[in-house]
Each structure stands twice: as C-alpha cells, then as structure tokens.
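Spelled out, the chains give:
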Amino acid sequence: MKFSACLLVIVSSAACGNDRATEPCLSDKDFFEQKVWGEVMGKTCVRCHTLAGPAAEKSARFLLQPPAFPSFLDVNFANASEIAQIEISGTSELLLKPTGLVDHGGGTLFEVGSEEHLILQEFIARTENPSDPASCPDQAVSGLEQVVLLDGPHTLRKATLELAGRLPTAGEKDLVTNAGDEGLDAALDQVIDQITTEPAFYDRTTELFNDVFLVDRYITFTGRATGLLNATDWPNAAAAVFNLLPQLDRDRTNLAVAREPIQLINHVIRQNRPFTEVVTADYTVVNPYSAALYGVPVTFMDPTNVNDWREVKLSVTRAGSPVPWPHSGVLSSPMWLNRFPTTTTNRNRHRARMVYRDFLATDILAIADRPIDAATATAFLNPTREDPACKVCHAQIDPIAGAFQKWNANDQELWDPALNWFPEMYPPGFEREVIPSNEFSRALPWLGARVATDPRFAVAITRHVFEGLTGQTPLTYPATDDVRFDTRRAAYVMQETVLSGIARDFVDANYDFRTIVKGVIKSPYFRADNALDALDEETAGLFADFGTARFMTPERLARKIQAVTGAPWARTTTDRRDNLTTDFRIPYGGIDSDLIVERLTAPNGIMSGVAWRMANEVACNVTAWDFTRPVAERSLFPQIAITDVPEVMGTASPDGEAKIRAGLVHLHEQVLGEALAPNDPEIDRSYQLWLETWREGKAALAAVPAQASANMLCRGRVDQRTGATLPVAEQLDRDPDYTIRSWMAIITYLLSDYRFLHS
Amino acid sequence: MRFDRRNFLKLGAGAGLALVAAPLVRGASAAAPYQGPYFVHIHASGGWDPIYFCDPKSDPALARYPGVGTVGPFSYAATSIADLAAIGLDPLIPEISNYLMSNQAFFEKYQTKLRVVNGVDTATNNHDIGTRAAGSGQNTDSYPSFGALAAATLGRDKALAYVSNGGYDATQGLVATTRLSAASYARIAYPFESNTTTPGSAPYHLGGTQARIRAAQAARMSTLTARSHLPRVKRALGALETSRREDTTLSTLTLPTPIVLPGGLGDEQGVLQQVQLCLAAFDAGLGVSASIGLGGFDTHANHDQNHIRQLAKLLYAIDYLWESAATLGLADQITLMVTGDFGRGPGYNVTNGKDHWPVTSALFMGRGVTPGVVGSTDAGQRPVAVSPTTLAPNPNGVRITPAHLHQALRKLAGIEGSADAAAFPLAGGELPILG
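Structure report, in brief. Model, not experiment: these values are computed from the prediction.

Considering the sheet that holds strand 10 (residues 334-340) of chain B
Residue and element names in this part refer to chain B. The strand order across the open sheet formed by eight strands is 7-6-9-2-10-13-5-14, and the pairing between neighbours is mixed. Both outer strands of the open sheet, strand 7 (177-178) and strand 14 (372-374), are each paired with one neighbouring strand and no more. In the sheet, strand 2 (residues 38-44) pairs with strand 9 (residues 289-294) via six bridges, with the strands oriented parallel. Bridge pairing in strand 9 links H43 to G293. Against the sheet, helix 4 (residues 146-155) contacts strand 2, strand 6 (162-165) and strand 9, and its axis sits at roughly 165 degrees relative to strand 9.

This is the structure in structure tokens:
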C-alpha cells in the first residue's frame, strides 16, 4: 500500500483510527485515489484508456486522464463512478471487462477474486452507498490544524505589500483588527477589492503574467516590438516612419505594443469582465501610442496618457478590402504570436503546447511522456498519426495547432486567409471536436471559445496566480516509483484540494479574477507562518511548501523598500530608475524574459552581496533624510529625535533609553512587520546594537572631533523621493551625538534581515 | 583577442572585508579556496546534429558535405567554414573567422584529449526532456543537473559553487545557482564600502559596527531558526545563512574584462564571457561547476548553413575554454561535457532543414577522460547496441543512454557514492563510457 492511511493521524485532531486492515474512515474519494487509482487503474487501465490510447480509438466510454492532467483524480473519480453503474446482467462492466468475462480489447488483466478485483468491487459498492463525509472526511485537508497562520493584521500587511507594494492604511488595519477571526475573510475581501482598483496592482499583474508570456523580451531596446510588425499591414511600424518619432514616443509605443497581451489582461480585470475574455475577446487594447502605430481612429483626452487603454478592433487589408482581425484575446496578439513562434515544419505545434500549458494547465509533454524508439520510428509513413509513440501527443496538439493555420510561418503575426491546413495532419479542432471547414478563417476565435469553457481554464489561471503570489510551483502527482511517494502524494492532494476549490469559486463568480487573488491570499499556502511544534520527517514533507519564506524578487523588493522607507533605491539623484530593476535585476535572480526566464528562488553569495549593498546604501540615503522631514511625515523615526541618547554625561538616562526602545519598536513594526514590546528580546538585541554602535562612535568622536560631520554620502541633503536637493535650511549635515549613524546601523540591520528579504 | 590574464581587473586584496567577515565564517571550509576538480557542461541548445560533426555519414540523403575526415580514431564531417557568406556570416568582416573553429581543426588539436560517445539514445524528440536528460541523465524533471550535484557534493559552501547561464541547471535545492555578470560586481563584492574603487577608504560604518551588524544578524537568524518548524522557512533561513557565509569571499574574485567579438557573433560572445566568468570563479577558489548554453541548433530550415556556423562557434568556445584554462593553470583540473538536446534527421525536410531525432552524441574532455570513440549509429542513424563490458557493438547488448553518461560522469567526479547522488539514482547500470 503506497499511502499510509495513518500518516495524517499524527497531525490531525480528527482521530482516524489505526487499523490499517479495515481503514474504517477512508472516504470514497480517498479510497479511489489510494486503492482504485493507486493499485488498479493507474497501473493497468491507463495504459489504453486515455484520450489518445487504443481504447479511445475503439470509442470506449471509459477514458482516464493521466496525472499530468489537472484535477485528474477528480475527473477520473467522476468518470469511473459513472462507468461503474453500467451493468451487464446485473454486474458492473468495471468488473466484467478486466477479468475477461466479457469482450475486452485489453484482454484479461486480473482474475476474479484477485486484490484488484476486490478493490473494484468495493469501489462499485461505494458508488452505490457513498460514505458519510461527516464521519469520514477526506483526509486531504486534515492536518492543517498543525499549521500556525499569520494573524489578520500580518496577513493584511503581506497582502498589501504583495499586491500593491505598499503598507496597509490605518483604515485597513482597523477594518481587519475589528473584524476578528470570524470576520477576517470578509475584511480581507474588502481590502483586496480596493487594492485591485489601484494602479500598483496592475504593475503586479503585469509582472505576474509576464512571467508566463515573457513579452518583456521585446522592450529591451526601442523598436524591438514594433520592428516585428510587418510594415504592409502596419505602415507606421516601418522603420522609415517609426524612426522619425521622438525617442520618448518610440519608447512608449514600443512598450505599448510589447505589452499589449498583458494590458489586455489588465483591462479585463479592471473592467470587471469575465476573465475568459483573455482568450475570447473580439478586441484588443491600445493606448494613444499603440493606437497611432496601428492606425486606429481613437480619440484620447490626453494623447500622452500611457495608461489610457481603449478597446479597438483591428483590421487588415486583403485583396484590396478591409478584413477584420480574427481577435481571440491574447492568442491573436502579435506579440504572443511572435513570442511563441512557429516554423514551416513546426506547424504551430509550439503554440498549441503553449495553449495547453498556459490556458489549460496541461503539460502536454508530460501527458505524452512516452519514449521514442529510433529503431522503429522510420517504419511509419506518417509517424505523427501512425506511430503510437508520436500520435499520443500529436492527436492532442495538432488539432489546436490547426486553429493557428492562417498565420504565416515566416512572419509570425502576418494573417493570411489563403493558407490551408495540412491534410496529412490531424484536422483542426479541440480535443475531439473538429472545426468546420467553413469556419477556418475564424478558427482561432473558435478555439478561444472552447478553451474558455473548458474546466481546465479555471485551473490554469488559478495556478498562475498561485505561483505568482506564493512563489511556489504547483505540485505534481509523484511517480509511482518515487521514494517519497506517500508524503508527496499527500502533499499534492492537500494542495490540489485547495487550488481546485479556488478554481470552482472563480467559475462560480463568473470568472472574476479577484476571486482567485482572494482565495490564494486567504489560503494556508500564503498565510502559513509556523507549525505548532517540531515536525517529524513525514509530516515535515507534507508541509514542505508551507510558510512565508519566499525570497523576494528584485521588483517586489524594490517596491517594499519604497513602501517601508518612503523612498526608492534609485541609481542616482538624477537617474531615478531603481537599482534592483536595472543593475542588479539579473544578479539578484530576476529574469530578462529572453535568455533568462527562470527566477532564482534561493539566495547565493552574489545575491547576499546585493542585499548587503542595498541595506547599506538605502540606510545611507534615508536615515538622515527621514530626520529632515516633518515628524508627521516620517516613515522611520516619528517618535525619536537625534538628541535622544541613552547616557548623559556618563550617566544612564532611563528616559533616553525608553525613547530609543520605542523607536526600535516602531522600526521593527515598520520594516519587519513585527509587533514587539519594548522589553522583547529582539528589541534588546537591537538596542544593544544601537548602544554599542553609539559608544564606539562617541569614542571615535572624542578622539577626532571633526568626525561629528556625517559621512559625506549619508547626509540629509536630498529629498530621496525625488532626488531634488533640499533647501539649505532643511538639510541635516551634522551628527554631533553620533545618533544618526547609530540609527543608520539599525536600518542596515533591519533592511538586511531575513524577514525583510522574504515575504 | 585571446584570453589574457593581464586583461583581468584585480579588485583588490579585500582585507577590509575579511575583517568584517570573521564573525560569520564558521569553520575552515568556507574560507579555504576550492582547488578542483572542476566541471563544465556546455549545451548545444536546440538539438545538435552529430552527423555534421563527430558521427559523419557518407549517404547524401543524410549529409551534404564533401566527405568524411579522420584523425586518429575519430571520424568527422569534413564541412567547410572558409566561406563566411555560405554559413550566414558577414564576409566583409573577415576577422570573424578568428572566432570560428572547423571540425578538422578541432579534432586535430584535441585528439589526445577528447572522448566521443556516439549513438546515445535520448528516447525523446522534445527539447525540454532532451535538455533535462542531457543535464541530469534523467528524463523527468525532479533531478538536479550534474553540475548542481557536483557543486553540492564537492563545494556546497562556496560562494559561486554552481554558476549557470544556460542549459539544464535545476538544483533541487542542493545548492544555489549563481548568475554572474561583470557589471556592478565591485558593488556586490564590497557592499559595506561607499567607494568600491578604493576599498577601505569610505566605509558606511565604523569597522566594529560592520562586524556587530553581521553578528547580530547571525544571532537573530539562529533564534528564528530555532523558533521555526516549517521546513520551507528553515530552508530559507539556511539558504540565507549559507549565502552570507559565502559572500565574504567574493572579493577574492579576479574579474575578467569581458571579451567582445565582431558583428554576428553575439551569441558566441555571451558564451565566451560566461567561460571567462566561470574560470574566474574557479581560479578564485569559489566555484566547482558551471553550466553554459549556446543556442541556434534547432535548424528546421537551412540546416547546412546554420548548423555548420553554430558548430564552428561552439568548437571555438571549447577551444577558448581550454586555452584560457591553460593560461590560468586550471586545465588539468577541468572535465568538460558537451551535449545537445537530441540529434537531427534522418535526412532533410522540404525547407532544407533537419527535424528532431532521438539519437545523438556527447563529448567529454579533460580530467579523467580517456581519449577515443565509443558507441555508433547504423546507416539509418539508429543507435547500435554495445556490450556492457567492452562497449563493442553487440546486438544483444544495451543502448547507451544519457543515464549511462551521467553514471560514468558521477564516477569520474568521485561523487557516485555521495548521499546527494544516492538520493537521485540513475537507471541502466554502469558502462565504462569514459574509459
């Protein structure tokens, strides 16, 4: 038995009993997964009863999805339950066929009375008399009681930083605090609804979906995106025309074109449209710059507003007449088509694979992960339709590839209605449905409509958001020979239960994108902070992916620095681009959307060096500057003055120490999100650091009084929000008590802290 | 321009940093420079064509070059790179030829250093799976690359243990992957200095304060680790602590001046710069292994033009690696593996390109590698089974697979018995692939 039914007893408050022979509380779903799938169907039936398998070719009704298929257990459970009801002379087909008692294409697989037979017998009995969910719940979600979640205020802080790159407002804090545990979900929903109206949220969704579509590859230098557009359809993209534009206009135009598919997604969210429009929209979106490039007549109130996105329907001229662009949301975007190109021999299969991966949550290569035998591959005239090792995959990807048939293989976004599909390939379509030939010119919208209504679409989008917000790749069902199968299987089922629940809510809410964001934020995968006690090895494996321990991406860390300190980590006072999104983007584990497309998720020595550099430079920039600001506007030191010291004339000052401790309490909350008392051991540690630094500095000042001036680079002379020089009267040049530099050491300490560098 | 030690920019002694490093350096291992062996994997991304390189064929249906050359035990495709225009390069920039290497020149120069493994059956025509198999020996996605495995086993605590900018570089959490860039390196190596040109001249904090901050950080992380029970949090804390032990050694790296190549060789320039950086990491005692990728081998169209060009770039990059390693005195300690996703063919498609084919070849060079050729393909480009003991063709023998290559490589590296390697066992048994 692969699964130890009692594994979760360790972590569950719901006693499950420990009699493995009877397993009294195995729910129907768990029984199917562990016994029916694990011991029978996943080992034998699935060899033939797949969508492209021999059984399907003989029109078998009983078809199974492999583990790479999203929610494959639910799908297979439902299908097997249905088939179990089909009887011949009072006996289920599910028993008769594999035992060879009736005609079965796969022959006799096991004998009557065998363990497999007994398992199927019990499964059929369970379909007739389902177990009671109250007394025997699914085990998948058991054990969560061991996990300690972030409380409401800290979940709120993490959510606002994650979604909008800011700290919570006072009103939001009050809302969540007053809501208590019972009202927390509703309060978070309310805050998230507000956040999704903020521009910063769309910066976050832009990043999230660029990690999927990687179209930022085309903003590396001006003209890269626009240069891909063919000048026949889009004359304003021709170099001779485009290059006449001022540099700023070219930059903005290129950015608008490059990110068009992502801006379409943002538009769908912003306008509260069903998210299915990302593959069905019969329009695209343009801002003043891309509207000019595409030559579409749209009037903008402000022709320089790069954030004013409007719906338009493009058209191209064919045979002297305007022909409407076959809009199908992202799928027909020129940049998506270029980013996932085809060739004359690839015949859009790459695009089909991307449709499966990005919109149907299906790694088609894993589904069709079957070794190719070079010794036999040449034995077939048309291997993709005849060789079993090939057609298992091609039967699924080639029909979708056919929906892209009208796009030119040598100019990716050139739509050519004269192109035809290849008769030796599977006909264009989706799954088992074929596109009528009279709809070939609208094949892509035809496909988009079917993708949108496929249950896997909701799963796919849920997974993208989950990965974007938690940094965790959704788990996959382990291979049966995995040495840690039991634990991995349990972890997979637990996560799958959460994600499929969010996906269902998403569908029920008419594909409201916010539903997924809320679901992920409220899930234990986002909120888990600790476990009640030390975990044994197996249980630790079960919770391997829980925990607020995501190393921040350079973009998110840049926003967090600004949120916490009030100023960006800009390159210079005149170049306000952020260090983390320019010089240190790649060394800090970011992507360039071109050659480097995988983010680093664990720090290395180089990234540690970047983090120290950030902590020191930012501390240098903001410490004295914050003291120059009016007290009410300060982010870091609202309760402290630079004259507050712990000792006066060699005598301890309890009042001074109390003020410094209060300042440290504020900084721990502001920078790290830690609510601590003034006598907390962590405040003791910080205070000791402050005190020893101060004493060292005072001694140095006594030795060399000229050092009363702050470090040249660290004076408060610049408004760090803008880079502008402060009026002389507001500048802070001197540090006679060595307090600014002591606070600077604290800022370095906190900005380099584990909790600041992780979310 | 050849690699020249004099072109390296020495960042300085790093004495100031060493002072502040003291509190976090635990034990001698982090401080002691790693001195080999080193491992480099260069991957021909897209799927190279051994028929145009080390497994030549005379059948014009499979190959359109004038003949097959031989050097010692090696046969090679006698392709030509003399005509730059014919391989898609600008003939008006003749110095481009200085950065290409022909098959003939390569085999003649490296015949005593090179082991060719032909007839490797990847059992896939898929780029992702083929790349995984080449990098890890396993088709599934749950295995670390060999480079990660070697780095974790031999130098897990080194700051730049595993440097990667291409190919399959999954680590499965065994070791951190590092992406190196010459830009801004000084700011990273001297994070407590406001003036990185003259380290020590303008620190952000007094010397004692730097050490105090690091010590307080270390103590706080110990507290957090003790309080945390979730494995992900513990892993993250451990990773940060390890990276902080590593970062103090960064100043020992001698950074090369990036090599710049003439027009049309941008992808090759990137590879050569990565070679420079990984050798710099080795030279500083900070690196164990490196993964480097060169693309452009997925030649579904105009195969001859494009593939011959990319192979010439690849061979020059290999040559550059060995020449540079020799200059630094590292050549005797480096083992190089060169792979593709899979093979191409058999024969051409209608656009004079070659499509995917599951049978390929691999190269091994350097430390621990016995020169020669093993494995083969038949006239139809199918793999010929070999005797598991002699590797001679044997119809009742076994097909060489990526798992065999990696099993042999693990043995050569001396890591086949490590706990990390044991956690990722390879199927198929052991073959004397590398001699």
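Here's the deal with the interface of chain A and chain B
Across the boundary between the two partners, chain A contributes 61 residues, which contact 64 residues of chain B. The set of elements that each furnish at least two residues to the side of chain A that touches chain B consists of helix 18 (374-377), strand 10 (528-531), helix 28 (605-628), helix 30 (681-703), helix 31 (739-751) and helix 32 (754-757) of chain A. Ranked by residue count, the leading element in the side of chain A that touches chain B is helix 28 of chain A, at 10 residues. For the side of chain A that touches chain B, the class distribution of residues is 35 nonpolar, 18 polar and eight charged.

Some points on helix 8 (residues 184-195) of chain A
Residue and element names in this part refer to chain A. With 12 residues, helix 8 should reach 16 Å at 1.5 Å per residue; the first-to-last C-alpha distance of 16 Å fits that figure. Buried within helix 8 are the following residues: L184, A187, L188, V191, I192 and I195. Mapping the buried residues of helix 8 onto a view down its axis gives an arc of 135 degrees, with all of them on the same face. Exposed side chains of helix 8 directed beyond 90 degrees from the buried face belong to A186 and D193. Buried-residue contacts for helix 8 involve helix 6 (152-164), helix 7 (170-179), helix 9 (199-213) and helix 24 (513-522).

Focus on the pairing of strand 9 of chain B
All names here are of chain B. In terms of burial, strand 9 is largely enclosed, as six of its six residues are buried. The alternating pattern of strand 9 places S289, S291 and G293 on one face and A290, I292 and L294 on the opposite face, and all of these are buried. Here four bridges tie strand 6 to strand 9, and the two strands are oriented parallel to one another. Paired with Y162 across the strands is S289, a residue of strand 9.

Re unusual backbone geometry
Negative phi characterises most residues that are not glycine, and trans characterises most peptide bonds. Between G36(B) and the following residue, P37(B), the backbone shows a cis peptide bond with an omega angle of 5 degrees. Looking at the secondary structure, you find P37(B) in the loop between helix 1 (15-21) and strand 2. Of the consecutive residues G345(B) and P346(B), the connecting peptide bond is found in the cis state with omega at -10 degrees. With respect to the helices and strands, P346(B) occurs in the loop between strand 11 (343-344) and strand 12 (356-357). One non-glycine residue, N348(A), lies in the positive phi region at around 70 degrees. Turning to its location among the elements, N348(A) is positioned in the loop between helix 15 (334-339) and helix 16 (349-359). Positive phi outside glycine occurs at L391(B), with the angle close to 65 degrees.

Criteria and cut-off values
Throughout, a residue's number is its position along its own chain's written sequence, starting from 1. Chains and ligands are labelled sequentially in the order written, the chains with letters from A and the ligands with numbers from 1. Local features are withheld for residues below a pLDDT of 70 in this predicted model, meaning they are given only at 70 or higher, and side-chain atom pairs are given and counted only at 80 or more; totals for whole chains, interfaces and linings count all residues. Pairing between two strands is assigned when DSSP locates at least 2 bridges connecting them. Helix and strand definitions follow DSSP, with helices as H or I runs of at least four residues and strands as E runs of at least two, each counted in order from the N terminus. We call two residues in contact whenever the C-beta atoms placed from their backbones are within 7 Å. Lines are fitted to the C-alpha atoms to define the axes, a helix being fitted only along its stretch in contact, and any angle between axes, read from their N-to-C directions, falls within 0 to 180 degrees. In the scheme used here, Gly and all other residues not listed as nonpolar or charged are polar, with Ala, Val, Leu, Ile, Met, Phe, Trp, Tyr, Cys and Pro taken as nonpolar and Asp, Glu, Lys and Arg as charged. What a helix should span is 1.5 Å times the count of its residues minus one. The exposure label follows from counting other C-beta atoms within 10 Å of a residue's C-beta, where the C-beta atoms are placed from the backbone and the thresholds are 20 or more for buried and 12 or fewer for exposed, leaving partly exposed in between. Summarising the geometry, the arc corresponds to the directions from the helix axis toward the C-beta atoms.

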